[in-house]
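Spelled out from the first residue to the last, the chains are:
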Amino acid sequence: MKVLVIIVSYNFERWIDRCLGSLRSSVHPVDTVVIDNASHDQTLQRIKQDYPEIHLIESKTNLGFGRANNIGMEIALTEGYTHVFLLNQDAWIEPDTIGTLVGLSEQYPSYGILSPVHLTGKGDKPDPGFGHYAQLQTLQSLPSDDILPLPFVNAAFWMIPASVLQKVGGFCPLFYHYGEDKDFVNRLHYHQYQIGYSPNVFGNHDREYRPMTTEGFLRTEYVYHLSEFANINYPWIKAFGYSVLAVLKKAMTSLFAGKFQLSKDYLRMGFRLLCRSVEIHSYRKTNRLSHPHYIQK
């Protein structure tokens, strides 16, 4: 099986050795492409000097997470790779991770995404987000199954067969940074694929958990309701209700609670979603079709 690892980088220098070094140690051979989103640290110089085997694509602007990954996916489909493995720049894997996931992907073709257990950067416990999705509190509670289904898993470590990309496509341009993975999973479900993880292989995700700011909360709320609006598993009216109408309800609830600024923020959010209705409707029609959307024309 021929695997292309896709990494989107932005100021990647801090994690280069752990991330790219882990790929060099992979038991299953891989090729790797790094799409750099205009880093301003020493990322490009380090990759060229220390990791000459990497296919490095230097963007002059920040393309965002989804669009940059789509470039890597296009390479994979054009050059005949059987699988892509999306790997976050702040993440690294164990030597047997890719080989195990590729084998399971071939054995269980109903799975559109397979992932390892996501650990923290220290590796001493499950990543909190992954622990929530997988209902996994400690490493001692790991089951012994080959694969366990999940409703969702973030895109820090995604093994995807090329055949799935041919049917579902890449990341939707509606989402610039955040929400791309949720939308992709929604589309997988629509096309009758499952999402799962192997409790027998691991990856470390060295992300920081910061207190939620008001700006961050509002961005999360917007992305969530945008993904609900774009969710092709809902009919249009239901999607409209779960997005625009739900936001307007939150605006009214905030108003009656005396949270006037939050009410204004939700009103602006609802108006922003409403203004994108035609665009979202178009993407919903496209995403229902079986085609490598956003990767190949």
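In what follows, the structure referred to is the one given above.
Residues numbered from 1 in each chain as written. Predicted model: local features only at pLDDT ≥ 70, side-chain atom pairs only at ≥ 80, totals over all residues. Heavy atoms only, no water.

Trainee: Explanation requested: the layout of surface pockets in the structure shown.
Mentor: The method is simple in principle: a probe with the dimensions of a water molecule rolls over the atoms, and the space it marks as empty is what remains. Here the largest pocket is characterised by a volume of approximately 1,800 Å³. Around the largest pocket, the lining comprises 47 residues; the ones closest to its centre are Asn 88, His 177, Tyr 178, His 205 and Arg 207. For the lining of the largest pocket, the secondary structure elements donating two or more residues are β1 (3-9), α3 (65-78), β4 (83-87), α5 (128-134), α7 (180-190) and α8 (214-230). Sorting elements by how many residues they give to the lining of the largest pocket places α8 first, with 6 residues. Its residues placed into classes, the lining of the largest pocket shows 20 nonpolar, 17 polar and 10 charged. (1 Å grid on protein atoms, 1.4 Å probe; cavity = no way out; pocket = protein on both sides within 12 Å on 5 of 7 lines; lining within 4 Å. Points joined across faces, edges and corners; volume = space filled by probe spheres on them. Helix = DSSP H or I, 4+ residues; strand = E, 2+ residues; numbered from the N terminus. Nonpolar A, V, L, I, M, F, W, Y, C, P; charged D, E, K, R; others polar.)

Trainee: Quick question: what am I supposed to make of the side chain of Asp 181 here?
Mentor: Its place among the elements puts Asp 181 in helix α7. For the buried residue Asp 181, which engages in no salt bridge, the nearest side chain bearing the opposite charge is Arg 207, 7.6 Å off. The contacts of Asp 181, once residues within four sequence positions are left out, are Phe 152, Asn 154, Ala 155, Trp 158 and Phe 171. (Buried < 20%, exposed > 50% of the residue type's maximum accessible area, 1.4 Å probe, protein only. Lys, Arg positive; Asp, Glu negative; His and termini not counted. Salt bridge = Lys/Arg side-chain N within 4 Å of Asp/Glu carboxyl O. Contact = heavy atoms within 4.5 Å.)

Trainee: Explanation requested: the packing of aromatic side chains in the structure shown.
Mentor: Each aromatic ring pair is characterised by the separation of its centres together with the angle its planes make. Tallied over the full model, the rule gives 10 aromatic pairs. On the numbers, 5.1 Å between centres and 35° between planes, the contact of Phe 229 with Trp 236 is tilted. With relative accessibility at 27%, the residue Trp 236 sits in the partly exposed group. Through pairs of rings, three or more aromatic residues link up here, namely Phe 65, Trp 158, Phe 171 and Phe 184. Sitting over the face of the ring of Tyr 81, Lys 2 holds its NZ or CZ atom 4.4 Å from the ring centroid. (Phe/Tyr/Trp six-rings, centres within 6.5 Å; stacked < 30°, edge-to-face > 60°. Lys NZ or Arg CZ within 6 Å of the ring centre and 35° of its normal.)

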